[in-house]
Amino acid sequence: MEILATAIALLFAFISIFIAYHGIKYMIDCHRMISAGLWANGTVTALKQEERTRKGRKYTVEIAVISFETTWKEKREIEYAPNLSKNKLKIGDQLKIWYDEKDREIFTLGGWYMVKEIVYLLFVALCFGLPSWTLIGSTLIRYFSE
């Protein structure tokens, strides 16, 4: 039974590392964009529904289309579907957008949207990681003390 518990703890530890890695990568991308100082005021111009399938089940995702103008007067349109939290956007909402000058696909919403996404990622990593790393540590202590 102890082997099964350790295997489950290792699985959850791996999941926590995976989530923490993506959270830290997201934080680094956000920091890089904020350091570059490239931001614009965007407006939600449309909302669209997209049907997706996961594990054979269909579900609908609401995607906000946000339009903004870069520092060089280039008009851009991005699509934002909140994956981690339930940020409900409405047509006409004004948002601060941090964007990458070279890669059109890299952007983040400024303000509380960014903070909520980062906190959610790190909270989930902590929820998976804390119990699993505690169990792994106690197992290793027990193993080496015998």
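Here, the structure is the one placed above.
Because the structure is predicted, anything quoted here is derived from the model rather than measured.

(A) Broad picture of the pattern of salt bridges. Here the structure, examined in full by the defined rule, presents 6 salt bridges. As a salt-bridge pair, Lys58 and Glu51 come within 3.7 Å of each other at their nearest N and O atoms. A salt bridge links Glu69 to Lys73; the nearest nitrogen and oxygen atoms lie 3.8 Å apart. One network of salt bridges, in which partners are shared, links Glu69, Lys73 and Lys75.

(B) Representation of the packing of aromatic side chains in the model. In the structure shown here, the tally under the stated rule is 2 aromatic pairs. Where Trp39 meets Trp98, the ring centres are 6.3 Å apart and the plane angle is 50 degrees; that geometry is what we call tilted. Here Trp39, found in strand 1 (residues 39-54), pairs with Trp98, found in strand 4 (residues 94-99); they are 59 residues apart in sequence, far enough to count as distant. The class of Trp39 is partly exposed, set by a relative accessible area of 37%. The exposure class of Trp98 is buried, given its relative accessible area of 11%. Aromatic side chains Phe68 and Tyr99 sit 5.4 Å apart centroid to centroid with 40 degrees between the ring planes, which places their arrangement in the tilted category. Here the residue Phe68 occupies a position in strand 2 (residues 57-69), and Tyr99 occupies one in strand 4, the gap between them amounting to 31 residues. Note on Tyr99: relative accessible area 1%, which makes it buried.

(C) Highlighting unusual backbone geometry. Unlike most non-glycine residues, Lys55 shows phi in positive territory, near 55 degrees. Considering the arrangement of structural elements, one finds Lys55 in the loop between strand 1 and strand 2. A relative accessible area of 77% means that Lys55 is categorised as exposed. Non-glycine residue Lys73 carries a positive phi angle of around 60 degrees.

(D) Structural context of the pairing of strand 3 (residues 75-80). Residue alternation in strand 3 divides its side chains into a buried set, Arg76, Ile78 and Tyr80, and an unburied set, Lys75, Glu77 and Glu79. Relative to strand 3, strand 2 runs antiparallel, the two being bridged by 6 bridges. Across the sheet, residue Glu69 finds its bridge partner in strand 3, namely Lys75. Where strand 2 folds back onto strand 3 in an antiparallel hairpin, the turn is made up of 5 residues, including Lys73, whose phi is positive at roughly 60 degrees.

(E) Representation of the sheet that holds strand 4 within the structure. Across the sheet, which stays open at both edges, the 5 strands sit in the order 3-2-1-4-5 with antiparallel pairing between neighbours. Edge positions in the sheet fall to strand 3 and strand 5 (107-109), since each has one partner strand and no second. Pairwise comparison of adjacent strand axes, ignoring direction, gives a mean angle of 40 degrees for this sheet. Both strand 1 and strand 2 contribute to a ladder of 12 bridges, which runs antiparallel. Each residue of the ladder has a partner; that of Arg52, found in strand 2, is Tyr59.

About the thresholds
- Residues numbered from 1 in each chain as written.
- Predicted model: local features only at pLDDT ≥ 70, side-chain atom pairs only at ≥ 80, totals over all residues.
- Heavy atoms only, no water.
- Salt bridge = Lys/Arg side-chain N within 4 Å of Asp/Glu carboxyl O.
- Phe/Tyr/Trp six-rings, centres within 6.5 Å; stacked < 30°, edge-to-face > 60°.
- Helix = DSSP H or I, 4+ residues; strand = E, 2+ residues; numbered from the N terminus.
- Buried < 20%, exposed > 50% of the residue type's maximum accessible area, 1.4 Å probe, protein only.
- Pairing = 2+ DSSP bridges.
- Axes fitted to C-alpha atoms, helices over the stretch in contact; angles between N-to-C directions.

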